[in-house]
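Summary of the model geometry
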Amino acid sequence: MEKPLSVVVPIHKSSEEYSDSPLKQWAKSIDSRCRLVLSLDHTEEGDSLTSWCKKEIPSAIDTVHGTFGNPGQTRNNGLSRVSSEWLAFADSDDYFDSSSAVDAIEDFYDSYDLIVCNYLTIDKNSGKIFKGRNPKCLADLFPELGFWRDLYRSDFVKDLKFPHYRMGEDQIYFSRVLAKNPKIAYSPRIIYRYTLGLPAQLSQSKSSIMELQQSLKHMRIELTQSRNHEDFRKLILLRQEISYKIKTKKRVNLIALAKQLKLGLRDIPLIIKCFKNLSLWYLKRKII
C-alpha cells in the first residue's frame, strides 16, 4: 500500500564534515507512513554524494540522480518518483517532522489541496529558536511564507514544476500553486525546523542572490497570467523585491518598486500592510 506522504529532499552537497547533519538525524526516525525521496545534484561532488547518502541515510526508499546546479531542477527530478497522495519538500540542512506532517494530513485528508502548517526557525548564530505564527489565513503567512511548511495534494500540483533558479524558485512555485486557486486548510502542527545562518546555504551565495533578480522578473510575468489570490501573490513578490534590495545593499525605493510591479492607488493599502507586517514580524517574533 502506498504511503500517504512523500518528502522530496534535494541534495547538492554532502555533510560529511557535520556529524549532526539534520537530514541524517530526522531520516533515522522517519514515520512509517512517510516515504523519503532523495534527489541528488552531482554538480559539485560527483559520486561522493551517492556514497555519503548510502552510508548515512539508509532509510531512503528512492534516490534519483542528475547534474543540475540549482534546487529547482533537482526537486523536479525527485517529483518524478512521487506516487503518494500528498507531498512535501524539505531541505537537507533543516529538520522535517514526518509524524506531525502525516497527522496534519489525516486531520484534513479528504477536502483540501494545500495544508499550511507551522514551523520553527533555529538561528545558528544567536542560538535562538523562533516559533512561527499559527496560520489561520493567507495573510498570516506574510512575511514568513516558508513554502516548506506546506503539504500539497499530488494530483493538484502534478502539472507544476519549479523554475531553474538557485534562489527564489520556491516563491515562484508557491505562487503557481495559489494561481490554481487551491482549497486551503490551516494547521497549528509544527512540521518543520528551518536552520538559519549556515555558511554553505545557497541563500548566502553572492551568485545565488544575483540570480534572485531573474526569478523576480519571472514572477512578475506569471502574476499577470492569473488573478487567483492576486493580492497575496503581489505581497510575495513585494517581499522578495525588498529582500533582494537588502541583500544587495541597495536603497529600497517604494515608488520605483510600485511602478515596477504595476501597483496603483488601489494597492496602497497592500503596500502599507506589507511594510507594517514586515516590521512587526521582526519586533514580535516569539522566542521559545
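The preceding data block contains the structure.
Residues numbered from 1 in each chain as written. Predicted model: local features only at pLDDT ≥ 70, side-chain atom pairs only at ≥ 80, totals over all residues. Heavy atoms only, no water.

**Remarks on the overall build of the protein**
Along the backbone of the protein there are 10 helices and 10 strands. Within the protein, the fraction of its 288 residues that count as buried is 55%. Sequence separation of 24 or more characterises 77% of the internal contacts of the protein that already satisfy a separation of 6 or more. Of the accessible surface of the protein, which amounts to about 13600 Å², a share of 51% is contributed by carbon and sulfur atoms. (Helix = DSSP H or I, 4+ residues; strand = E, 2+ residues; numbered from the N terminus. Buried < 20%, exposed > 50% of the residue type's maximum accessible area, 1.4 Å probe, protein only. Contact = heavy atoms within 4.5 Å. Areas by Shrake-Rupley, 256 points an atom, 1.4 Å probe, with all protein chains shown as cover.)

**Brief notes about the packing of aromatic side chains**
Across all of its chains, the model carries 14 aromatic pairs by this definition. Between Phe-89 and Phe-162 the ring centres are 5.0 Å apart and the planes differ by 85°, which places this aromatic pair in the edge-to-face class. Placement of the pair is Phe-89 in strand E4 (residues 86-89) and Phe-162 in the loop between helix H5 (154-157) and helix H6 (169-179), with a sequence separation of 73 residues. Each of the two residues, Phe-89 as well as Phe-162, counts as buried. Ring centres of Tyr-152 and Tyr-173 lie 5.7 Å apart, and the angle between their planes is 80°; on these two criteria the pair is classed as edge-to-face. Of this pair, Tyr-152 sits in strand E8 (residues 150-153) while Tyr-173 sits in helix H6; the two residues are 21 residues apart in sequence, bridging distant segments of the chain. A relative accessible area of 0% means that Tyr-152 is categorised as buried. (Phe/Tyr/Trp six-rings, centres within 6.5 Å; stacked < 30°, edge-to-face > 60°.)

**Some remarks on the environment of Thr-67**
Mapped onto the fold, Thr-67 is located in the loop between strand E3 (62-66) and helix H3 (71-79). When the C-alpha atoms of Thr-67 and Leu-40 are compared, they prove to be 8.0 Å apart, with 27 residues separating the residues in sequence. When sequence neighbours within four positions are dropped, the list of residues in contact with Thr-67 reads Asp-41, His-42 and Thr-43.

**Focus on the pairing of strand E9 (residues 184-196)**
As paired elements, strand E5 (residues 95-96) and E9 share two bridges and run antiparallel to each other. Within E9, the residue paired with Phe-96 across the bridge is Tyr-192. (Pairing = 2+ DSSP bridges.)

**Things to note about the environment of Met-219**
Its place among the elements puts Met-219 in helix H7 (residues 206-223). Separated by 44 residues in the primary sequence, Met-219 and Ser-175 place their C-alpha atoms 8.0 Å from one another. Leave out the neighbours within four places in its chain, and Met-219 touches Gly-168, Gln-171, Ile-172, Ile-236 and Leu-237.

**Details of the nonpolar core**
Residues Leu-5, Phe-96, Leu-151, Tyr-152, Phe-174 and Phe-232 are the most contacted members of the largest nonpolar core, which totals 68 residues. Once you skip the residues sitting within four places of it in the chain, Tyr-152 turns out to touch Glu-85, Trp-86, Leu-87, Phe-89, Asp-113, Leu-114, Phe-147, Val-157, Tyr-173, Phe-174 and Val-177. (Core = buried A, V, L, I, M, F, W, Y, C linked by side-chain atoms within 4.5 Å.)

**Let's talk about helix H2 (residues 47-56)**
For H2, the full list of buried residues reads Leu-49, Thr-50, Trp-52, Cys-53 and Glu-56. Down the axis of H2, the buried set is contained in an arc of 165°. They therefore lie on one face. What points out from H2, more than 90 degrees from its buried face, is the exposed set Asp-47, Lys-54 and Lys-55. Where the residues of H2 are buried, they touch strand E1 (5-11), helix H1 (22-28), strand E2 (34-41) and E3. (Arc of directions from axis to C-beta.)

**A short note on the packing of H6 against helix H8 (residues 230-247)**
Following both chains from N to C, one finds H6 and H8 inclined at 170°, their axes separated by 10 Å at the closest point. What the angle tells us is that H6 and H8 run roughly antiparallel. Mapping the contact onto sequence places Gln-171, Phe-174, Ser-175, Leu-178 and Ala-179 in H6 and Phe-232, Arg-233, Ile-236 and Gln-240 in H8. (Axes fitted to C-alpha atoms, helices over the stretch in contact; angles between N-to-C directions. Parallel < 35°, antiparallel > 145°, perpendicular 65-115°, else oblique.)

**A few points about the environment of Ile-268**
Take Ile-268: it is sitting in helix H10 (residues 268-284). Sequence spacing of Ile-268 and Ala-258 is 10 residues, and the spatial spacing of their C-alpha atoms is 9.1 Å.

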